[in-house]
Amino acid sequence: MRFERWLLPLAFTIVLVALWQLAVGTGKTGVLPGPWQVALGMRELWERGVLVGYAIDSLRRVAVGYAIAVAIGIPLGLWMGLSTSVFAAANPLVQILRPISPIAWIPIAIVLFGIGDGAPIFLIALAGVFPIASSVAAQVRSVPPMFLAAARNFGLGEAAIIRRVLFPAVLPQMLSMLRLALGVCWIVVVAAEMIAVDSGLGYLIIDSRNAGKRYDLVVAGMVLVGAIGLVLDLSFRLLERVRSVRWGFRSNS
Amino acid sequence: MTAKLEARGVAMTFPGPPEVRALEPIDLDVREGELVCLLGPSGCGKSTFLQIVAGFIRPTSGTVAIDGKPVDGPDRKRIFVFQERGVFPWLTVADNIGFGLADLARDVRAKRVAEYVELVGLRGFEHAYPHELSGGMKQRVEVARALAVDPDMLFLDEPFGALDSMTRLSMRSELLRIWQAAKKTIMFVTHDVDESVQLADRVVVMSARPGRIRSIVDIDIPRPRDLSSPRYLELRDGLLAEIGLAHAI
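Worth saying up front: this structure is predicted, and the values here are computed from it rather than measured.

Details of the overall build of chain A
Helix and strand counts for chain A stand at 11 helices and 0 strands. Scored against the burial criterion, the 253 residues of chain A give a buried share of 33%. Excluding contacts between residues fewer than 6 apart, the proportion of contacts in chain A whose partners are at least 24 apart in sequence is 72%.

Points about the overall build of chain B
A count of helices and strands for chain B gives 7 helices and 10 strands. The C-alpha radius of gyration computed for chain B amounts to 18 Å, which stays within 12% of the reference 18 Å derived for 249 residues, consistent with globular compactness. Seen through its principal axes, chain B has C-alpha atoms that stretch 50 × 45 × 40 Å. Out of the 249 residues in chain B, the part that is buried amounts to 43%. Look at the contacts in chain B between residues 6 or more apart in sequence, and 68% of them connect residues 24 or more apart.

What about unusual backbone geometry?
Of the consecutive residues Arg223 of chain B and Pro224 of chain B, the connecting peptide bond is found in the cis state with omega at -5°. With respect to the secondary-structure elements, Pro224 of chain B resides in the loop between β10 (212–218) and α7 (230–242). Of note in the backbone geometry, Ala196 of chain A takes a positive phi value of approximately 65° without being a glycine. Along the polypeptide, Ala196 of chain A turns up in the loop between α8 (158–192) and α9 (201–210). Even without being glycine, Glu158 of chain B reaches a positive phi, approximately 40°.

Description of the packing of helix α4 (residues 135–148) of chain B against helix α5 (residues 165–182) of chain B
Residues and elements named next belong to chain B. α5 packs onto α4 with a crossing angle of 15° between their chain directions and a minimal axis gap of 11 Å. The angle between α4 and α5 falls in the class roughly parallel. The crossing of α4 and α5 is right-handed. Contacts between α4 and α5 involve Gly135, Gly136, Gln139, Val143 and Leu147 on the former and, on the latter, Thr167, Met171, Ile178 and Ala182. Of the residues contributing to the contact of α4 with α5, the split by class is 5 nonpolar, 4 polar and no charged.

Considering the domain arrangement of chain B
Residues and elements named next belong to chain B. What the domain assignment reports for chain B is domain 1 (1–74 + 154–162 + 185–243) and domain 2 (78–150). In this structure, domain 1 and domain 2 have C-alpha centres spaced 26 Å apart. Of the residues lining the interface, 12 residues belong to domain 1; the matching set on domain 2 comes to 10 residues. With 4 residues, strand β7 (residues 153–157) is the single largest residue contributor to the side of domain 1 that touches domain 2. Of the residues contributing to the side of domain 1 that touches domain 2, the split by class is 9 nonpolar, 1 polar and 2 charged.

Some remarks on the sheet that holds strand β9 (residues 202–207) of chain B
Two modes of strand pairing occur in sheets, parallel and antiparallel, and in both the strands are linked by backbone hydrogen bonds. Residues and elements named next belong to chain B. Strand order in the open sheet formed by 6 strands is β6-β7-β8-β3-β9-β10, with mixed pairing between adjacent strands. Both outer strands of the open sheet, β6 (78–81) and β10, are each paired with one neighbouring strand and no more. Each adjacent strand pair in this sheet contributes to an overall mean axis angle of 15°, direction not counted. Relative to strand β8 (residues 185–190), β7 is paired through 5 bridges, and the arrangement is parallel. Counterpart to Leu154 in the pairing with β8 is Ile186. Across the sheet, helix α1 (residues 46–53) touches β3 (35–39), β7, β8 and β9, and the angle it forms with β8 is around 155°.

Some thoughts on the interface of chain A and chain B
Listed as interface residues are 17 residues of chain A and, on the opposing side, 16 residues of chain B. Those elements that place two or more of their residues in the side of chain A that touches chain B are α7 (145–153), α8 and α11 (243–246) of chain A. For the side of chain A that touches chain B, the element with the most residues is α7 of chain A, which contributes 6 residues. Its residues assigned to classes, the side of chain A that touches chain B comprises 11 nonpolar, 4 polar and 2 charged.

Side note on α9 of chain A
All names here are of chain A. Burial analysis of α9 places 7 of its 10 residues in the buried class, which makes it a mostly covered element. The elements touched by buried residues of α9 are α3 (51–82), α8 and α10 (215–239). Downstream of α9 by one or two residues, Gly212 has phi in the positive range, about 100°.

Considerations on the packing of α3 of chain A against α8 of chain A
Residue and element names in this part refer to chain A. Interhelical geometry of α3 versus α8 gives an angle of 145° and a closest axis separation of 10 Å. Crossing angle aside, the handedness with which α3 passes α8 is right-handed. Residues Ser58, Arg61, Val62, Gly65, Tyr66, Ala69, Val70 and Leu78 of α3 form the contact with α8, whose own contacting residues are Ile162, Leu178, Ala181, Leu182, Cys185, Trp186 and Val189. Split by residue class, the contact of α3 with α8 holds 12 nonpolar, 2 polar and 1 charged.

Focus: the sheet that holds strand β2 (residues 20–30) of chain B
Residue and element names in this part refer to chain B. Taken together, 4 strands build an open sheet; the order of strands is β2-β1-β4-β5 and the sheet is antiparallel. Of all strands in the sheet, those bounded by a partner on one side alone are β2 and β5 (69–70). Sheet topology note: the strand β4 (residues 61–66)/β5 ladder contains 2 bridges and is antiparallel. Across the sheet, residue Ile66 finds its bridge partner in β5, namely Lys69. Strands in contact with α1 are β1 (5–14), β2 and β4; relative to β1, the strand with the most contacts, it is inclined by about 120°.

Some words on the nonpolar core
Judged by nonpolar contacts, the single largest core of 130 residues is most densely connected at Ile124 and Cys185 of chain A together with Val53 and Phe188 of chain B. A domain-level breakdown of this core finds at least three residues from each of domain 1 (1–74 + 154–162 + 185–243) and domain 2 (78–150) of chain B. With sequence-adjacent residues up to four places away left out, Cys185 of chain A is seen in contact with Val62, Gly65, Tyr66, Ala69, Ile124, Ala127 and Gly128 of chain A.

Notes on the pairing of β6 of chain B
All names here are of chain B. A two-sided burial pattern is seen for β6, the buried positions comprising Arg78 and Phe80 on one face and Ile79 and Val81 on the other. Bridge count for β6 against β7 is 4 bridges, and the pairing is parallel. If you follow Ile79 over to β7, its bridge partner there is Leu154.

Here is what the cut-offs are and how they apply
- The residue numbers shown here count from 1 along each chain, following its written sequence.
- Key to labels: chains lettered from A, ligands numbered from 1, both in the order written.
- Local features in this predicted model are restricted to residues of pLDDT 70 or higher, and side-chain atom pairs are both shown and tallied only at a pLDDT of 80 or more, whereas totals for entire chains, interfaces and linings draw on every residue.
- Helix numbers and strand numbers start at the N terminus; a helix is a DSSP run of H or I with at least 4 residues, a strand a run of E with at least 2.
- Three exposure classes are used, based on other C-beta atoms lying within 10 Å of a residue's own C-beta, which is placed from the backbone: buried for 20 or more, exposed for 12 or fewer, and partly exposed in between.
- By definition, residue pairs are in contact when their C-beta atoms, positioned from the backbone, come within 7 Å.
- As defined in this context, the radius of gyration uses C-alpha atoms, and a globule is described by 2.2 Å times the residue total to the power 0.38.
- Fitting a line to C-alpha atoms yields each axis, with helices limited to the stretch in contact; the angle taken between N-to-C directions then spans 0 to 180 degrees.
- Each angle receives one of four descriptions, namely roughly parallel if under 35 degrees, roughly antiparallel if over 145, roughly perpendicular if within 65 to 115, and oblique otherwise.
- Note: crossing handedness is left-handed where the near helix turns anticlockwise from the far helix by less than a right angle, and right-handed where it turns clockwise.
- Just so you know the grouping, Ala, Val, Leu, Ile, Met, Phe, Trp, Tyr, Cys and Pro go in nonpolar, Asp, Glu, Lys and Arg go in charged, and all remaining residues, Gly too, go in polar.
- Domain start and end points were adopted from an automatic or database domain assignment.
- Pairing between two strands is assigned when DSSP locates at least 2 bridges connecting them.
- Take the buried Ala, Val, Leu, Ile, Met, Phe, Trp, Tyr and Cys residues, join any whose C-beta atoms are within 7 Å, and the set you get is a nonpolar core.

Set out below in structure tokens:
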């Protein structure tokens, strides 16, 4: 158990990193950095004092963009799930907008928001809002009708039904969806920061390449993005252990 | 004596296509405190009829009156018990049972919940979640949740259908015990002939497509009922013949 959980992935990673070093050592391009150079690059970022600052800038933009996506996506999804006519009106549009990569919105984001935090935040919000809205709508529509019938039987009004039955009924699946959406937003922030801003991990990656082809810093930035993404995902998973949603995370019940 | 429930000419056609005539006009009276069983094969419209009298479905024609007042929707004086699937999985046993008591003060509610936890024999499981319970226990949670709001009527739609046969037997005697203690009027849907003879004061036998009442049989065996008495077997065989099933395999 302990071996599978910690030692096995650690050993696998060490082997791959060693192969990486070996490949860069035998290759003669001199462009791609090895793991040791990346580690030195990481230290350089730390010493220049940008590592923490850039990470915080990226996290701040994701936090704001994601919050906007959640604040619009959940009510929109509930509304679409509750009303057949709202669903009929809005769902086709949501389904068309959903598969458009936020990257495709970059030119429009720049026209709308110009230089500054607005454009990346807009792109991050776009990345989150459609998947959240469409999945909340689908979840609300699949709540067993007998839950709603029982709630009406006990005399609950519409608002109480939403608060005491619909919302808790969809909460576990909604948490899973919110976790996936956060992951997508974190992916998008890197692309979003390659435009319109001069800080953040996406900026770090594109700027290191443009200003002096510092591929060691490019890869260091990538490693940071991956590590922070992992921490975000693991922290979100902790929410799934809260007692009142745990029923939804069992395989059969 | 006036009836607790009066159904007059209740018919139901589900709009198509294809249009389905679920119920032919049905007349039925249920007395106060009576335990009436609707018996019939699946697809005979017995569940539809139960949902109509509970106010969940509006009939195509006919009227249902309870205590002389027409039924125009579900009401907390008459609780519908689904199979155990109606229990809310995000609430503990205690919170499920207290679901209909939100307007009571916290301490009054806690006392009432404790009382019904006791009644259905779930003491020690108050803080368990439904996924930690067996099917029979979930069914008892749902019955307790219904009883806790002190309704005059209970509608049970094949409440024990999903349980194993041993649990089902003990749940039947539990239901009878609760019914005798709480003095409710109960309408009960089943396709199980034995279940109807064991529980009901009267069995309403329905036939399928379109659903209609075939006959109404008084079960005149005193309780507790001896399940091997000649009268029990006679009534059971009569009902089996009535719904067109042989009593030999």
